[in-house]
Amino acid sequence: MQLNPEQEKAVRAVQGRILVLAGAGSGKTRVIIQRILYMVAELKIDPSSILGLTFTNKAAKEMQSRLKKELGKRAEKVLLTTFHSFCVRILRQEIHHLGYTKQFSLYDEKDMQRLLKVLAREFVDEKTESLTAFVREVLEVRMKNQEESNDPRIAQVLARLHSALRTYNAVDFDHLLTVTCELFEQYPAVLKKYQDQFRYISIDEYQDTNPVQFRLAELLAKDNLFVVGDDDQSIYGFRGAQMQNILRFTKDQMIKMEQNYRSIPSILEAANHVIRENQHRYAKQLWCDKKNTSKVSIFHAPTDEAEAKAVVERLLGLVTNRGFAFEEIAILYRSNILARTIENALLSAAYWHEGNLVKGIPYEIFGGLSLAERAEIKDLSAYLKVLLNPLDQESWIRIINVPRRGISDQTLEKVTKKARSTKTPLYHILENPHEVEIPEKAKRSIATFLTLLDETREALKTPPYAITIRQFLEQISYKKAIEEDVKSEKMRRFKWENVENFLGKLEEFEKEFPDAPLEDFVSSCSLTRMPHRRQLDENTVKLMTFHGAKGLEFRACFLVSLVEGVVPHEKNPDIEEERRLFHVGITRAREYLCLSMPQKRKKFGKEVASNPSQFLFSIPKSCLQVESFQR
C-alpha cells in the first residue's frame, strides 16, 4: 500500500521538532517504521543514533519486528523501547554517579506500600486514622511530584523513603524516569554522552506523556524530536498524563494525518461529531474512502439485563447470518463492574454450532491478574533480587521464611526492628544474628540459608542461569512447599505451571541474549506484565473497558451502558477526557458498531432509573439506525 500525501510528508520530516497528529486508524505505526527505513536506507543515517520511545513493550516489539523484516541486522542497532526500559538501560550503566550500584532492585507498587507502612507507622495513630489511607496519600503526592503537601508528615515520610531506597539499593518503578532525569541534570557530561549518541528521537503516543516523560524528552533531544500522537485519544489523566504536552509542543512543523483506514463512514461521522464538542483540541476531521453505507445501530432497553440479552442476540446474529467470528467481536464498557451482567447473558445464551445446540458463548475478559502478580512468581522474583542485591530489604522480608525454615514472625520482627533502629541493612543483621535475641534454632536456620544463597550467588556469576535456579528451588524444596500449602490438586498444578513458565522465560532470555547479565532478565520481569499461558487469539468474544481497548480494533463493537453517571463517569470531573474516552470506544469498530443503554440499571444492588449519555445527542440521526431492543 502506498503512503498518502500526509503520511509521505511525515516520513520525510527528519530535521527539527516535528508534531504529527495521527487520528485513530490513520496508520501511524506504519509511518514511524517507514520513516526509520527512509532515514537509514536513503539518508544513510547511522541506525544506532535513532531512539524510538513508546509506552508498551508490545508496541516496541511489534515495531522492532517490522523493522527487522526490512533492514535485517541493521534494525538491531535502532533502539525501540519503552520509557521505563530505556531508563533501566541508562541506570544500569550510570546509576553509580548517584550512589547506587548497578545491581539495584526494582520495587513495584506493592513493595512500596509495604515499605511505606513500616516507615509511616510512627506518624499514624491507628486508633483514629487508617495507615493504609495515609500511605495511599503519600504515594499520590509522590506520583504527582508535588513539592509540598498540606500534611507536614508526608514530607518527613518521603525523606525517610528516599533514604531507605538508597540504603536498600532500590529504585521504584514509578520513579525510574525521575531518577534518570536527576542523573542527567546533576551530571551534564552523562547527559551529553546520550545526547550525542541519540541524535534522532521519536516518541509514540505523545498525548499520554506525563510531566517527567516530557522533562526527559526535552533533556535528551538536542535538535531532532519527532512526536506522534492524537490529542483526541488522551485518556490517561488518572495516571498523570497531561494532554497539554501535545497542545503546547514547540514545533517547527505540524502534520495532520486524518485519513482513516479502519472504519466505515458512519462510524467516523459519529466519532467526529462527538469529539468536536471539546474545546481544547486541534481541529481534525477523520475520513475514509470506503463506500459502505451501513449505519451505527442504537437501542434503548428497559433494564441492564434486557440490554445484555439484546446485545448477545445481535452478536449471535452477526456470527450466524454475516459470518463474523467470535474473536472479531468486542463488548466495551466504561467500568469493569459492568461486565458481570454481560457475562451472565453470554453464559446463558444458546446457539447452533455444526448441527449441535451449544450453551454458553466463549468469552474472555481482559484486565485480570497477570502472571507477574501471582504469589509464586513474586517469590521467585524476590529470590532473584536477593541473590543479585543482598541489600534489598523488601525482597528479604518476602522470602526469608518461604518455604518455612524455622524463622518465625517474631524472629523476623526482631531482626527488622534492629535493622531500623540501627539504620543497618537487614542483610548485615542476618549475617550477625548473635547481635539479636532470637532462638538458637532460628540462628542456625539463618546461617544455613545464607550459606545456600552465597553458593547460589557464586554459581550465578556465569550462565546457564535457569539450571542454577532450578537446582536452588530443589534445594529449598519449593515444589514440596506448594504441595503442602495448597489443598486443591488443580491449584497445585496451576502454581507449579506458573513456576515452570517463569523458568521457561529465563531459558528463552538466555538463548536470545547469551551475553546479557541476569540483572537484565530481572529488570525485564519488573517492566513487563507476563501473559497467561492461554493464547489471547482464541475464538472468544472480548470483554474490556474503553481504556483497555485503546490501541485495538475489532470488526464489530458493542458499547454498553451509555448512561449518565457511567458515560461520562460521575467520578471524573474532566468532561472532555470522558468525551475523548467515548471517542476512543467508537473508533475501535471497523464494520459494525452498536450503542446501547438501559432505562433502569442495578446500582449497589438497587434498581435506579438512568438517562441516556449526553454524548449520544452529539451524533447526527443521519448516521444512526434506531432499533427496538427486541428483534
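Residues numbered from 1 in each chain as written. Predicted model: local features only at pLDDT ≥ 70, side-chain atom pairs only at ≥ 80, totals over all residues. Heavy atoms only, no water.

## Looking at the overall build of the protein
A count of helical and extended segments in the protein gives 25 helices and 18 strands. For 631 residues, the compact-globule formula gives about 25 Å, and the C-alpha radius of gyration of the protein, at 27 Å, lands near that figure. Principal-axis analysis of the C-alpha atoms places the extent of the protein at approximately 80 × 60 × 55 Å. Residues classed as buried in the protein amount to 54% of the 631 residues present. In the protein, once contacts between residues fewer than 6 apart in sequence are set aside, the share between residues at least 24 apart is 76%. Accessible surface, the protein: about 30,300 Å² in total, of which carbon and sulfur atoms supply 49%. Side-chain charges of the protein comprise 95 positive and 87 negative groups, with the mean position of each set lying 2 Å from the other. (Helix = DSSP H or I, 4+ residues; strand = E, 2+ residues; numbered from the N terminus. Rg over C-alpha atoms; globule rule 2.2 N^0.38 Å. Buried < 20%, exposed > 50% of the residue type's maximum accessible area, 1.4 Å probe, protein only. Contact = heavy atoms within 4.5 Å. Areas by Shrake-Rupley, 256 points an atom, 1.4 Å probe, with all protein chains shown as cover. Lys, Arg positive; Asp, Glu negative; His and termini not counted. Charge placed at Lys NZ, Arg CZ, Asp CG, Glu CD.)

## A closer look at helix α15 (residues 375–388)
With 14 residues, α15 extends 20 Å between its outermost C-alpha atoms, agreeing within 8% with the 20 Å of an ideal straight helix rising 1.5 Å per residue. Extensive coverage of α15 is indicated by the burial of 13 of its 14 residues. (Expected span 1.5 Å × (residues − 1).)

## Considering the side chain of Asn-272
Its location among the elements puts Asn-272 in helix α12 (residues 265–275). We classify Asn-272 as buried; its relative accessible area is 5%. Reaching out from Asn-272, the side chain makes a polar contact with the backbone oxygen of Leu-286 at a distance of 2.8 Å. Those residues in contact with Asn-272 that sit more than four places away from it in its chain are Gln-285 and Leu-286. (Polar contact = N/O pair within 3.5 Å; in protein donor to acceptor, adjacent residues only side chain to side chain.)

## Observations concerning helix α4 (residues 83–94)
The end-to-end C-alpha separation of α4 is 16 Å, in line with the 16 Å expected for 12 residues at 1.5 Å each. Of all 12 residues making up α4, 10 are buried, and the element is well covered by its neighbours. Within α4, the full set of buried residues consists of Phe-83, His-84, Ser-85, Phe-86, Cys-87, Val-88, Ile-90, Leu-91, Arg-92 and Glu-94.

## Details of the sheet that holds strand β2 (residues 50–54)
Strand order in this open sheet of 6 strands is β3-β2-β6-β7-β1-β8, and the pairing throughout is parallel. One side of each edge strand has no neighbouring strand; the edge strands of this open sheet are β3 (79–82) and β8 (253–257). Each neighbouring strand pair of the sheet contributes to a mean axis angle of 15°, computed without reference to strand direction. Pairing analysis gives 5 bridges linking strand β1 (residues 17–22) to β8, with the strands arranged parallel. The partner of Ala-22 across the bridge, within β8, is Met-257. Sitting on the sheet, helix α3 (residues 57–71) is in contact with β2 and β3, with an inclination near 165° to β3. (Pairing = 2+ DSSP bridges. Axes fitted to C-alpha atoms, helices over the stretch in contact; angles between N-to-C directions.)

## Here we look at the packing of helix α20 (residues 465–475) against helix α22 (residues 489–512)
Their axes nearest at 8 Å, the elements α20 and α22 cross at an angle of 155°. On the basis of their axis angle, the class for α20 and α22 is roughly antiparallel. Contact residues: Tyr-465, Ala-466, Ile-469, Arg-470 and Leu-473 in α20; Val-499, Glu-500, Leu-503, Leu-506, Glu-507 and Glu-510 in α22. Residue classes in the contact of α20 with α22 are distributed as 7 nonpolar, no polar and 4 charged. (Parallel < 35°, antiparallel > 145°, perpendicular 65-115°, else oblique. Nonpolar A, V, L, I, M, F, W, Y, C, P; charged D, E, K, R; others polar.)

## Observations regarding the nonpolar core
Counting 65 residues, the largest nonpolar core has Ile-331, Ile-361, Phe-558 and Leu-559 as its most contacted members. Setting aside chain neighbours within four positions, we find Ile-361 in contact with Val-312, Leu-315, Leu-316, Phe-326, Leu-346, Ala-349, Tyr-351 and Val-541. Listed in part, the 48 residues of the second largest apolar core include Leu-380, Leu-388, Tyr-427 and Tyr-478. (Core = buried A, V, L, I, M, F, W, Y, C linked by side-chain atoms within 4.5 Å.)

## A short note on the pairing of strand β16 (residues 589–603)
As paired strands, strand β9 (residues 296–303) and β16 are joined by 6 bridges and run parallel to one another. In the sheet register, His-300 faces β16, and the bridge partner there is Met-597. As paired strands, strand β15 (residues 554–559) and β16 are joined by 5 bridges and run parallel to one another. Residue pairing in the sheet places Phe-554 in a bridge with Ala-589 of β16. Here β16 pairs with strand β17 (residues 606–609) via 4 bridges, running antiparallel.

## Focus on the pattern of salt bridges
What the rule picks out here adds up to 45 salt bridges. For Lys-378, the salt bridge is made with Asp-108, and the minimal N-O distance between the two is 2.2 Å. With Lys-378 in helix α15 and Asp-108 in the loop between β4 (105–107) and α5 (109–120), this pair connects stretches of sequence that are 270 residues apart. Residue Asp-108 is classed as partly exposed on the basis of its relative accessible area of 27%. In this structure, the salt-bridge partner of Glu-205 is Lys-550, at a minimum N-O distance of 3.1 Å. In this pair, Glu-205 is assigned in the loop between β6 (200–203) and α10 (211–220) and Lys-550 in the loop between α24 (546–549) and β15, connecting sequence segments 345 residues apart. There is no split in this pair, since Glu-205 and Lys-550 are both buried. Three or more residues joined by partner-sharing salt bridges are found here, namely Asp-230, Asp-231, Asp-232, Arg-281 and Lys-284. (Salt bridge = Lys/Arg side-chain N within 4 Å of Asp/Glu carboxyl O.)

## With respect to the packing of aromatic side chains
In this structure the tally under the stated criterion is 15 aromatic pairs. On the numbers, 5.1 Å between centres and 75° between planes, the contact of Tyr-383 with Phe-472 is edge-to-face. Separated by 89 residues along the polypeptide, Tyr-383 in helix α15 and Phe-472 in helix α20 bring together distant segments of the chain. Just as Tyr-383 is buried, Phe-472 falls in that class too. Each ring, one from Trp-396 and one from Phe-449, has its centre 6.1 Å from the other, and the planes form 90°; the classification is edge-to-face. With Trp-396 in helix α16 (residues 393–399) and Phe-449 in helix α19 (residues 440–459), this residue pair connects regions lying 53 residues apart in the sequence. Judged by its relative accessible area of 0%, Trp-396 falls in the buried class. When its relative accessible area of 4% is taken as the criterion, Phe-449 is described as buried. Linked through ring pairs, Tyr-383, Trp-396, Tyr-427, Phe-449 and Phe-472 together constitute an aromatic cluster. In this arrangement the basic side chain of Arg-92 is found over the ring face of Phe-104, its NZ or CZ atom lying 4.1 Å from the centre. (Phe/Tyr/Trp six-rings, centres within 6.5 Å; stacked < 30°, edge-to-face > 60°. Lys NZ or Arg CZ within 6 Å of the ring centre and 35° of its normal.)

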